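Residues per chain, in single letters:
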Amino acid sequence: MRHQPLHSVPSDDPLFNRVLSTLDIAVLERDEHSGEFQLQGMAPEWWHMRVGPESCTMLDLAQWSPFLREYVAADHPAWTAESGTVEKSGAWTESDGQGGTVTLEATVLSMESRTILLIERLGSGFEQMRAIVQRARECMLAEDVTVKAHHKTETRLINQLEVSERTKDGALALLQYLRLAALVLDEHGRITFASDRGLELLGISTREVIGLKWEEVFPIHQQDRVIFREMIKAPSDRRTAGPFYINSSHPAWIELDIHRDPRHPGCHILVMNDRTELHALRRELNEQASFHDLVGKSPAMLRVYQLVRDVASVDTTVLIEGETGTGKELIARAIHSSSGRRNKPFIAANCAGLTDSILTSQLFGHRRGAFTGAVNDQQGLFEAAEGGTLFLDEIGDIPPPVQTALLRVLQEKEITRLGESRPRKVDVRVLAATHHNLSEDVIRGSFRADLLYRIRIARVQLPPLRERREDIPLLAHSFLMTICAASGKTIDPLSPETLHGLMSYVWPGNVRELRSAIEFAVISCRRAEVSLSDLPPEIVGTPGVPTLAPWIPLQDRDEKSRLLAALSDAKGNRTEAAKRLGVSRATFYRRLVELNIQPR
Amino acid sequence: MIQKKICMLGGFAVGKTSLVRRFVSNVFSDHYQTTIGVTVEKKSVMAGEQGVLLMLWDLYGEDEFQHVRESYLRGSSGYIVVMDGTRRATLETALALQETAVKTMGPVPFVSIINKVDVRSQWEIDEREIEQLRARGWTVLFGSAKLGQGVEELFLSVATQIMQAVPLSSERA
């Protein structure tokens, strides 16, 4: 059916034309026979630029627009669609013929048997939509770039983490291989890491220490905790503390190296060094260097220490032999302290220079009225030492009557006080000492042979200092510390020159003389360091002061003159004279008697 | 001269317009200008001994804002699927679009290209995925609109395939 041509509609209607012009829409009707399109009504402005003069109302789509050519191709479904069908082409962009572009959209209207083609130029609304899409896509691209960058960073970090983990694993393996005992503490003192060796050293079997405070984990003494806490608080980057005793099932001694963690200033790295073996060796060495109050680690002294241990374990009488000042009483005390009698009394008695009655009274006690001046009953030293040890120094000087009484005591283990007839049982271990050669005394008849054999069941012979010179630095240092502590002075360790001076001297007065010399030097010293000139003049060989020859008791022809010279220098003061000669007051007295010197 | 409609398909910003402009006008711009709708360009090439006018329908990129209208695809003799080697997501889009194209146009010739070969080190599409595409029967070319690399070969390849596939009697002048 042929319909009225479109020009029969009111295409000249001014309103219709204004609407089309405003909307930038060209209206064409398709001739169903020729398939050509004819412009209807007034064409919009762009039409003239793109298509040509208004008079050209028939549109050659093939020439005009490749897009439209395809769109309105013969097999287009709109041409056969039912009335009322509306189909849009979608936007397309093509040249506007003026060097620019124009974006258009076509709409096909199927109106009964007529087909209308509307071509609309997309204007500002379309441009806004394009701008929005452009922005959205740019945002998506930017986001994609950002995501990629993040992914790249994440990948890099993961790789770094893996490398770091591998490094950490390697470091841990190395740590374990080296058996390094290490802990890491955070800023609150909580353990964040503990190596296997560290746990082992602390006697901890599990890894459950992570997160615990070190105070809860370290099995150390309270005073060590205080030290340890202070060490951690100390501002320096590295501190060393210890040794600390680890009181665990496997006791150990450790030294701590405390390092500030360079990565986290509040954290600390603790490296524990096992010093157990070293501590044991040091203790052994100390024990070898001293024994009770005896100082010295020379082979001769080590033999003496062993001998002391040996005789301490038995209950026999012991004869301690040695020159004056060698420390015979210290040996006696060491034997007592090492023996089973250590908790009982130790009584020392000097037998030199006493008459037989006084000595008998002192040793065995007396009854009131036994002799003039005996106003009370008095127990003797044997009774006083009941259960313990009686040390009889200078036993070679005991008068013969007392020797007899002493022999009886040793044999019968009972004493009888002067003035009494009833013996009293005593349980006393007798240790005797002498500088005499008692065998010679026996030959001379001044000492009872049977007593000698009774007291010389065991013997300890103390070497003179000149025979163990290697102990002089140790002894000198020990005396210096003791004297400084007592006097409140602070003196530096002895210089090599001073030590050389000490070691060059013969020490006739032995260790006692050495102690006196150090005391003299500390008193004389005006500086922080003891110099050679601070030592007594006889040691440094100061001109004008004759250096004493080695003290060889009872064998030196000049001994008498030296004793007299010492007395003269001391203005007759025997104590002072004895001190000057480096001998005890008792020995000095004894020498005076032996050499028949009558002090003025 | 024989005219053949060829659609450019691919995700947004993969370089469809850049490839067309490099091919048609030998120009390239780094500035991204999104395509809305379709722009039709044309250029004649020699497919073998026969000249052919390629009508290149540069379609907007497929994304969540714009989906390809099937009406744009009607009448195409072949198509080119474009991917961006630096964005793996464009491979997924390419696969989806190719399925749409098959549904709409039937088994017409097509060639795919992975653009931006000038930044190969930044590619997310790897060799395994490329091999998978080839295993599906895709012709996969590498190119760079920026450098002009592989562009002529791309269009010549699809033109040749089209000319080999379509009998002369069905060609439209």
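Residues numbered from 1 in each chain as written. Chains lettered and ligands numbered in written order. Predicted model: local features only at pLDDT ≥ 70, side-chain atom pairs only at ≥ 80, totals over all residues. Heavy atoms only, no water.

## Quick word on the overall build of chain A
For step 1, the next point in the chain: For chain A, the count of helices and strands is 23 helices and 22 strands.
For step 2, the next point in the chain: A burial count over chain A gives 44% of its 600 residues as buried.
For step 3, the next point in the chain: In chain A, the proportion of contacts linking residues at least 24 apart, taken out of those at least 6 apart, comes to 56%.
For step 4, the next point in the chain: Total accessible area computed for chain A in this model is approximately 31900 Å², and 53% of it derives from carbon and sulfur atoms. (Helix = DSSP H or I, 4+ residues; strand = E, 2+ residues; numbered from the N terminus. Buried < 20%, exposed > 50% of the residue type's maximum accessible area, 1.4 Å probe, protein only. Contact = heavy atoms within 4.5 Å. Areas by Shrake-Rupley, 256 points an atom, 1.4 Å probe, with all protein chains shown as cover.)

## A closer look at a nonpolar patch on the surface
Residue and element names in this part refer to chain A.
For step 1, the next point in the chain: Where nonpolar side chains cluster on the molecular surface, the patch consists of Leu174, Tyr177, Leu178 and Leu180 and spans about 440 Å² of accessible area.
For step 2, the next point in the chain: Following the sequence through the fold, Leu178 ends up in the loop between helix 5 (124-177) and strand 7 (181-185).
For step 3, the next point in the chain: Its relative accessible area of 53% is what places Leu178 among the exposed residues. (Patch = residues over 30% accessible without salt bridge, like charges linked within 9 Å, V, L, I, M, F, W, Y side chains within 5 Å. Salt bridge = Lys/Arg side-chain N within 4 Å of Asp/Glu carboxyl O.)

## Notes on the interface of chain A and chain B
Frequently, the measure chosen for interface size is the accessible area removed from exposure when the parts meet.
For step 1, the next point in the chain: Residue-level contacts link 22 residues of chain A with 30 residues of chain B.
For step 2, the next point in the chain: Overall, the association of chain A and chain B removes approximately 2300 Å² of surface from exposure, summing both partners, and the carbon and sulfur fraction of that is 55%.
For step 3, the next point in the chain: Ranking the residues of chain A by area buried against chain B places Arg69, Glu70 and Arg137 of chain A at the top, with a combined share of 27%.
For step 4, the next point in the chain: Where chain A packs against chain B, one counts 2 salt bridges.
For step 5, the next point in the chain: For Glu124 of chain B, the salt bridge identified is with Lys148 of chain A, shortest N-O distance 3.9 Å.
For step 6, the next point in the chain: On inspection of chain A and its partner chain B, the count reaches 10 residue pairs in polar contact (both at pLDDT 80 or more).
For step 7, the next point in the chain: Examining the composition of the side of chain A that touches chain B, we find that 12 residues originate from one element, helix 5 of chain A, more than from any other.
For step 8, the next point in the chain: Here the residues of the side of chain A that touches chain B are counted per class, giving 10 nonpolar, 4 polar and 8 charged.
For step 9, the next point in the chain: Where strand 4 (residues 86-95) of chain A meets strand 2 (residues 38-47) of chain B, 2 bridges bridge the pair, whose relative direction is parallel. (Buried area = accessible area lost by both parts, 1.4 Å probe. Polar contact = N/O pair within 3.5 Å; in protein donor to acceptor, adjacent residues only side chain to side chain. Nonpolar A, V, L, I, M, F, W, Y, C, P; charged D, E, K, R; others polar. Pairing = 2+ DSSP bridges.)

## Describing the packing of aromatic side chains
All names here are of chain B.
For step 1, the next point in the chain: Tallying each qualifying case throughout the model produces 17 aromatic pairs over all chains.
For step 2, the next point in the chain: When the centroid spacing of 5.4 Å and the interplanar angle of 90 degrees are considered together, the rings of Phe110 and Trp138 count as edge-to-face. Of this pair, Phe110 sits in strand 5 (residues 110-115) while Trp138 sits in the loop between helix 4 (127-135) and strand 6 (140-142), placing them 28 residues apart in sequence. Across the pair, Trp138 and Phe110 agree in class, each one buried.
For step 3, the next point in the chain: Ring geometry for Trp123 versus Phe142: centroids 5.4 Å apart, planes at 85 degrees, classification edge-to-face. Here the residue Trp123 occupies a position in the loop between strand 5 and helix 4, and Phe142 occupies one in strand 6, the gap between them amounting to 19 residues.
For step 4, the next point in the chain: Since its relative accessible area comes to 11%, Trp123 is described here as buried. (Phe/Tyr/Trp six-rings, centres within 6.5 Å; stacked < 30°, edge-to-face > 60°.)

## Points about the domain arrangement of chain A
For step 1, the next point in the chain: Considered domain by domain, chain A is made up of domain 1 (6-122), domain 2 (179-274), domain 3 (288-461) and domain 4 (552-600).
For step 2, the next point in the chain: Just the C-alpha atoms count here: the centres of domain 2 of chain A and domain 3 of chain A sit 54 Å apart. (Domains from an automatic or database assignment.)

## So, the nonpolar core
For step 1, the next point in the chain: One finds Ile119 of chain A together with Trp57, Leu59, Tyr79 and Trp138 of chain B to be the most contacted residues of the largest nonpolar core, which totals 50 residues.
For step 2, the next point in the chain: In terms of nonpolar packing, the next biggest core, distinct from the first, is built from 28 residues, Ala349, Leu363, Ile415 and Leu452 of chain A among them. (Core = buried A, V, L, I, M, F, W, Y, C linked by side-chain atoms within 4.5 Å.)

## What to know about the confidence of the model for chain A
For step 1, the next point in the chain: The predicted model of chain A averages 83 in pLDDT, with 89% of residues at 70 or higher.
For step 2, the next point in the chain: Ignoring residues within four places in sequence, the model shows residues 1-10 of chain A, a span with pLDDT below 50, making 17 contacts including any to other chains. (pLDDT = per-residue confidence, 0-100.)

## Overview of the packing of helix 21 (residues 559-569) of chain A against helix 22 (residues 574-581) of chain A
All names here are of chain A.
For step 1, the next point in the chain: Where helix 21 meets helix 22, the closest approach of the two axes is 8 Å, and the angle between their N-to-C directions is 125 degrees. In terms of their interaxial angle, helix 21 and helix 22 are classed as oblique. Relative to helix 22, the crossing made by helix 21 is right-handed. Counting all contacts with helix 21, which are made through Arg562, Leu563, Ala566, Leu567 and Asp569, the residues of helix 22 involved are Arg574, Ala577, Arg580 and Leu581.
For step 2, the next point in the chain: In terms of residue class, the contact of helix 21 with helix 22 is made up of 5 nonpolar, no polar and 4 charged. (Axes fitted to C-alpha atoms, helices over the stretch in contact; angles between N-to-C directions. Parallel < 35°, antiparallel > 145°, perpendicular 65-115°, else oblique. Left-handed = near helix turned anticlockwise from the far one by under 90°.)

## Things to note about the pattern of salt bridges
For step 1, the next point in the chain: Tallying each qualifying case throughout the model produces 31 salt bridges over all chains.
For step 2, the next point in the chain: Through salt bridges with shared partners, one network takes in Asp144 and Lys148 of chain A together with Asp84, Arg87, Lys116 and Glu124 of chain B.

## Thoughts on the pairing of strand 4 (residues 78-84) of chain B
Residue and element names in this part refer to chain B.
For step 1, the next point in the chain: Most of strand 4 sits out of view: 7 of its 7 residues are buried.
For step 2, the next point in the chain: Every second residue of strand 4 is oriented toward a common face, with Gly78, Ile80, Val82 and Asp84 on one face and Tyr79, Val81 and Met83 on the other, all of them buried.
For step 3, the next point in the chain: Inspection of the sheet shows strand 1 (residues 2-10) paired to strand 4 by 5 bridges, in the parallel sense. Residue Met8 lies in a different strand from strand 4, and its bridge partner there is Ile80.
For step 4, the next point in the chain: In terms of strand pairing, strand 4 meets strand 5 through 6 bridges, oriented parallel. The residue of strand 5 that forms the bridge with Met83 is Ile114.
For step 5, the next point in the chain: For the crossover from strand 4 across helix 3 (residues 89-105) to strand 5, the handedness is right-handed. (Right-handed = clockwise from strand over helix to strand, strands pointing away.)

## Quick look at the state of the cysteines
Residues and elements named next belong to chain A.
For step 1, the next point in the chain: Tallied over the full model, the rule gives 0 disulfides over all chains.
For step 2, the next point in the chain: The structure places no disulfide on Cys525, whose sulfur is separated from the nearest cysteine sulfur, that of Cys484, by 8.5 Å.
For step 3, the next point in the chain: On the basis of relative accessible area, Cys525 is assigned to the buried category, the value being 3%. (Disulfide = S-S within 2.5 Å.)

## Observations regarding the sheet that holds strand 22 (residues 458-461) of chain A
Residue and element names in this part refer to chain A.
For step 1, the next point in the chain: In space, the 5 strands of this open sheet follow the order 15-18-21-14-22, with parallel pairing throughout. Both edges of this open sheet fall to strand 15 (346-350) and strand 22, since each of them pairs with a single strand only. Taking each pair of neighbouring strands and ignoring which way they run, the sheet shows an average axis angle of 20 degrees.
For step 2, the next point in the chain: Alignment of strand 14 (residues 318-321) against strand 22, held across 4 bridges, turns out to be parallel. Its bridge partner lying in strand 22, Val318 is registered against Ala458.
For step 3, the next point in the chain: Sitting on the sheet, helix 11 (residues 328-338) is in contact with strand 14, strand 15, strand 18 (389-393), strand 21 (429-434) and strand 22, with an inclination near 150 degrees to strand 14.

## Regarding the side chain of Glu414 of chain A
Residue and element names in this part refer to chain A.
For step 1, the next point in the chain: Along the chain, the position of Glu414 falls in strand 19 (residues 414-415).
For step 2, the next point in the chain: According to the relative accessible area criterion, Glu414 is buried, its value standing at 14%.
For step 3, the next point in the chain: Setting aside its immediate chain neighbours within four residues, Glu414 contacts Arg408, Val409, Pro423, Arg424, Lys425 and Val426.

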